[in-house]
Amino acid sequence: MRRRHKNDVDKQKHESRDSRKSESDYSASFFSSEKRVFFSCLVFRMLNSLLVQTYFNPDEHWQGPEVAHRIAFGYGHLTWEWKRGIRSYLHPVLFVPLYSVLAFLHLDTPLVMMKAPRLLQSVFAAVGDLYSYKLSALLFGDNVAKWALFSQLANWFMFYCSVRTLSNSLETVLTVVSLYFWPCMRSSSTSSTVSRKWGLVLAALACAIRPTSAIIWLYVGLLEFSKAHDKLKLLFLEVAPVGMLVLGLTCLLDRIMYGTWILVPLNFLKFNFLSSGGDYYGTHKWHWYFTQGFPVMIFSFLPFCTAGIIYSKQWRYACLLAWVIGLYSVLGHKEFRFVLPVLPIALMFSGYCLAVIEDPGLPGYKGKESPKKRTKCSLNMILAVIFLLATNIPMALYMSLVHQRGPEDVMNHLAREARAGKVKNILFLTPCHATPYYSLLHRDLPMRFLDCTPSEERGVLDESDRFLMDPVPFLSEYAKNMSLPSHIVLFDSEEQKLNNLLNSYDYREERRFFNAHFKVDRELQASIVVYVHIGR
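Residues numbered from 1 in each chain as written. Predicted model: local features only at pLDDT ≥ 70, side-chain atom pairs only at ≥ 80, totals over all residues. Heavy atoms only, no water.

Of note in the backbone geometry, Gln 404 takes a positive phi value of approximately 60° without being a glycine. Topologically, Gln 404 is positioned in the loop between α19 (371-401) and α20 (406-419). Given a relative accessible area of 18%, Gln 404 falls into the buried group. In this structure, Asp 506 is a non-glycine residue whose phi angle is positive, near 70°. Residue placement: Asp 506 occurs in the loop between α24 (492-504) and β4 (507-514). Given the relative accessible area of 43%, Asp 506 is considered partly exposed. (Helix = DSSP H or I, 4+ residues; strand = E, 2+ residues; numbered from the N terminus. Buried < 20%, exposed > 50% of the residue type's maximum accessible area, 1.4 Å probe, protein only.)

Moving on, we come to helix α16 (residues 302-312). If you check which residues of α16 are buried, you get Phe 304, Cys 305, Ala 307, Gly 308, Ile 309 and Ser 312. Positioned one or two residues after α16, Lys 313 has a phi angle of 55°, which is positive.

This brings us to the packing of helix α2 (residues 34-51) against helix α8 (residues 142-154). For the pair α2 and α8, the least separation of the axes is 12 Å and the interaxial angle reads 15°. Classified by the angle between their axes, α2 and α8 sit roughly parallel to one another. In this structure, α2 crosses over α8, and the sense of that crossing is right-handed. Residue-level contacts link Val 37, Cys 41, Phe 44 and Arg 45 of α2 to Leu 149, Gln 152 and Leu 153 of α8. Residues belonging to the contact of α2 with α8 are distributed by class as follows: five nonpolar, one polar and one charged. (Axes fitted to C-alpha atoms, helices over the stretch in contact; angles between N-to-C directions. Parallel < 35°, antiparallel > 145°, perpendicular 65-115°, else oblique. Left-handed = near helix turned anticlockwise from the far one by under 90°. Contact = heavy atoms within 4.5 Å. Nonpolar A, V, L, I, M, F, W, Y, C, P; charged D, E, K, R; others polar.)

Let us now look at the state of the cysteines. Evaluated as defined, the whole model comprises one disulfide. Paired by a disulfide, Cys 432 and Cys 452 hold their sulfur atoms 1.9 Å apart. Judged by the sign of its S-S torsion, about 85°, the bond between Cys 432 and Cys 452 is right-handed. Of this pair, Cys 432 sits in the loop between β1 (426-429) and α21 (438-441) while Cys 452 sits in the loop between β2 (447-449) and α22 (463-469), and the two are 20 residues apart along the sequence. Residue Cys 432 is classed as buried on the basis of its relative accessible area of 15%. (Disulfide = S-S within 2.5 Å.)

What follows is the structure, encoded as structure tokens:
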């Protein structure tokens, strides 16, 4: 009887092992094909881009598609940054061929003009996802790479931000792909000159698009330089030629677009670092990225990331995380998107932790494996995945579909009305750059918004601030000096103060769009309203 019972137990163990093996083989066969991984990510990110219907940051529209729209169609607004030469045309020109093709095919409708730029960015985002997977596989193996990709796709902030047309989103892709090619950032000690040159090119492009990306590449460059056998060859025959080539081509592009020679990276760094020009748009405490910014971005993956750093002992990347967040903390003006390029690294560590939970016998991890522990780990794995999905999916959907959707809805409405010939001109009585502009309206109509160009004199209020302080006198003065438009757009917080005055000027409410349930950095802007002049 005892021998028979032992045989039954051995049979159950064998069946369990075969079951795990078949599941592992299926997983391995799926993830063994990089093409399959890429196209899965591409489909996911394209659906992701269609689900993103909210307004996050003005730069998404004003520093990319708006500039590209001006190049492609001959009209569009250039903000003050372009007049001071602190932006490169390298990022906006990516959208010019897209707009040209849409116009040629007569597909430049309001809906397509709204969705197409994000669909293009979704292709770049899918490349970033693929290389996050490849980098994790290179460092830790396929099982960790699988969970690192899961973390990348499940994280709410990557879903919310990676398909937006921000230069930071493209910078993130270039950063991840470049790190894959840098020998010093691999687990292997072997060095490849060809690999490093690809890393250099991509790093230089990231710096050309976002000069502050140099913070990342200073760390990587110093690490590579310390490990190089021939340091002079690395510096003068690899780094310098590639850097000068990319800088030269970028300067040539900017020379063509600006009409004069201009060194954008220098102007950008002077404004943001030497003169603290970014502080004009608000400042945070030095610890904001550590206590609020980055924890909000990584969200419920934070404990998994912390455990992954400890378990993996991959200190090069852990130090890179600390380096970037630490240096950005020195700057007064802070935004979530500034540290987006290192979020995939943190999620890679989350993937390592999840892989350890799934398989305590993971190579490189010193945990002991036993049948009981494996059963417990299977349960823990299920609970971990449920916890991460249950916390991130609602957040991703709410932020992408609900919170601050008013600006995009109102511009989509105005674009349809303008296409039907019902709009003559528009006045935006909102904080400056609070809505998209010509890139979504796609009609060459007179429009005006409240200016917020930084003043060289400290303490001088811009036009947007003066309006928000006292809207009634501002609009009264405007009506005396300027002809009133056919349409006025404003948030409900200002509408309450201007309602009587608007009625006296023969305006009536045309449409009201939901915007937000709670305030962000100003008073609650629950809805955005369109007023139309009666008889126009």
